[in-house]
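Analysis of the macromolecular model
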Amino acid sequence: MNTSETQLIDGFGRKIDYIRLSVTDRCDFRCVYCMAEDMEFLPRAKVLSLEELATLGESFVNLGIKRIRLTGGEPLVRRGVIDLIAKLSALPGLDEVTLTTNGSQLSKFAKPLKEAGLKRINISLDSLNPERFARMTRRDMLHQVLAGVDAAVADGFEKIKLNAVVMKNHNDDEILPLVDYAQQRGIDISFIEEMPLGQIQHHDRQQAYCSSDDVRQVIESRYALLPSTDSTGGPSRYYRIPDAKGRIGFISPHSHNFCSSCNRLRVTAEGRLLLCLGQENSVDLRAVLRRYPGEAHRIESLIRDAISRRPEGHQFAEDDAPQVLRFMNMTGG
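Worth saying up front: this structure is predicted, and the values here are computed from it rather than measured.

**Topic: the pairing of strand 3 (residues 18-22)**
Most of strand 3 sits inside the fold, with five of its five residues counted as buried. On strand 3, burial covers both faces: Y18, R20 and S22 on one face and I19 and L21 on the other are all buried. Two strands pair when backbone bridges link them, and strand 3 and strand 4 (residues 67-71) are joined in this way by five bridges, in the parallel orientation. Residue pairing across strands places R20 opposite R69, the latter belonging to strand 4. As a crossover connection, the stretch from strand 3 through helix 1 (residues 50-62) into strand 4 is right-handed.

Structure representation (structure tokens):
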């Protein structure tokens, strides 16, 4: 098979080598920017089985995918996810399997995850204040998350990154404490602009919007930030603090649109291939997986055809109206 047959290139010349696979829409948190307080989750029959997820992973690798990130919901609430990571990590041609987690289960799973072949891990952490954390996640579990971060550090993952969604009048006064927390542990942290996904009642997104430039200005009031050419294959733009180990990243879907260089696809827990984070167009992979089990060429042909119709980018605006009605837990992190 020649090189062109093992690459996914969309109609705008972007090479796709990174897939985010959601293993569940369920979560033990109810973060205010991610989902409603009273959620109805998918019936289990509609969620891809672990075998189907492994099959999809193999097909994507056959098509040139180099990185697979497992997401949710919260992936560590899915029984058997460690075995899935081990299977994916063993795929020839795949550079790495990574994971995004809220950290609540990491004290229990950090060591098994590393033994299964996981090298990098992202941990969501928006506040170090227990009461505020409970308000933002609707769960009083900060102590578990902090213990999970320490467990991941102790188990020696190659890279650990914290992800913090910053919202004005919610947690923007914790930017520097979060930087200090990450620096003390020698780990990375990325600050994320809230994305307009799902209809929420908790807050006004326009009033809560905090740009990456605002966050950077706060950090530079204490630290010098040096631009870095480092990349982990995702949308973070990284900076370094002189003589510090951990990096500072910014994910800026509003203020610094990264669509022109987007190399990512997402698959939801129910098997829909999302061609763009910020648009509703998608392709049903589950139907083909279940109708033609073991016929990998069918799913790979469907993926190739879908990529040719990938849109140029999202249309996120800074007003409060969501451009996409699905919640982030349905999107896949």
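Still more to cover.
**Here we look at the sheet that holds strand 8 (residues 188-193)**
Ordered by their spatial adjacency, twelve strands build an open sheet running 9-10-11-8-7-6-5-4-3-12-13-14, and the pairing between neighbours is mixed. At either margin of the open sheet sits one strand with a lone partner, and together these are strand 9 (226-227) and strand 14 (282-284). Of the strand pairs in this sheet, strand 9 and strand 10 (residues 237-240) are connected by two bridges, and their pairing is antiparallel. In the sheet register, P227 faces strand 10, and the bridge partner there is Y239.

**Here's the deal with the state of the cysteines**
All chains considered together, the criterion is met by zero disulfides. For C27, which is in no disulfide, the shortest distance to another cysteine sulfur is to C31 and amounts to 6.3 Å.

**Focus on the environment of L225**
Looking at where L225 falls in the secondary structure, it is placed in the loop between helix 8 (212-220) and strand 9. By relative accessible area, L225 is classed as buried at 9%. Beyond its immediate stretch of four places on either side in the chain, L225 contacts R216, I219, E220, Y239, R240, I241, I248 and F250.

**What about the pairing of strand 10?**
Of the pairings in the sheet, the one linking strand 10 to strand 11 (residues 247-251) comprises four bridges and is antiparallel in character. Bridge pairing in strand 11 places R237 opposite F250. Hairpin connection between strand 10 and strand 11: a loop of six residues separates the two successive antiparallel strands, and D243 in this loop has a positive phi of roughly 65°.

**Considering the packing of helix 1 against helix 2 (residues 81-89)**
How two helices pack is summed up by the angle between their axes together with the distance between the axes. Running from N to C, helix 1 and helix 2 cross one another at 20°; their axes reach a closest spacing of 10 Å. As judged from the angle between their axes, helix 1 and helix 2 are roughly parallel. Note on packing geometry: the crossing formed by helix 1 with helix 2 is right-handed. Of the residues in helix 2, those in contact with L50, L53, A54 and G57 of helix 1 are L84, K87 and L88. The residue makeup of the contact of helix 1 with helix 2, split by class, is five nonpolar, one polar and one charged.

**Brief notes about the packing of aromatic side chains**
The relative placement of two aromatic rings is captured by the distance of their centres and the angle of their planes. Applying the stated rule across the entire model yields three aromatic pairs. Residues F191 and F250 carry aromatic rings whose centres are separated by 6.5 Å and whose planes lie at 35° to one another, so their mutual orientation is tilted. Of the two residues, F191 is situated in strand 8 and F250 in strand 11; the sequence distance between them amounts to 59 residues. The buried category is assigned to F250, whose relative accessible area is 1%. With a centroid separation of 5.7 Å and an interplanar angle of 75°, the aromatic rings of Y239 and F250 are classed as edge-to-face. Pair noted here: Y239 is in strand 10 and F250 is in strand 11, with a separation of eleven residues, a long-range link. In terms of burial, Y239 and F250 fall into one category: buried. By way of ring pairs, the aromatic residues F191, Y239 and F250 are connected into one cluster. In this structure, R247 is placed above the aromatic ring of Y238, and the distance from its NZ or CZ to the ring centre is 4.1 Å. Here the guanidinium or amino end of R298 rests over the ring plane of Y292, the centre of that ring lying 3.8 Å away.

Conventions we followed
- Residues numbered from 1 in each chain as written.
- Predicted model: local features only at pLDDT ≥ 70, side-chain atom pairs only at ≥ 80, totals over all residues.
- Heavy atoms only, no water.
- Buried < 20%, exposed > 50% of the residue type's maximum accessible area, 1.4 Å probe, protein only.
- Helix = DSSP H or I, 4+ residues; strand = E, 2+ residues; numbered from the N terminus.
- Pairing = 2+ DSSP bridges.
- Right-handed = clockwise from strand over helix to strand, strands pointing away.
- Disulfide = S-S within 2.5 Å.
- Contact = heavy atoms within 4.5 Å.
- Axes fitted to C-alpha atoms, helices over the stretch in contact; angles between N-to-C directions.
- Parallel < 35°, antiparallel > 145°, perpendicular 65-115°, else oblique.
- Left-handed = near helix turned anticlockwise from the far one by under 90°.
- Nonpolar A, V, L, I, M, F, W, Y, C, P; charged D, E, K, R; others polar.
- Phe/Tyr/Trp six-rings, centres within 6.5 Å; stacked < 30°, edge-to-face > 60°.
- Lys NZ or Arg CZ within 6 Å of the ring centre and 35° of its normal.

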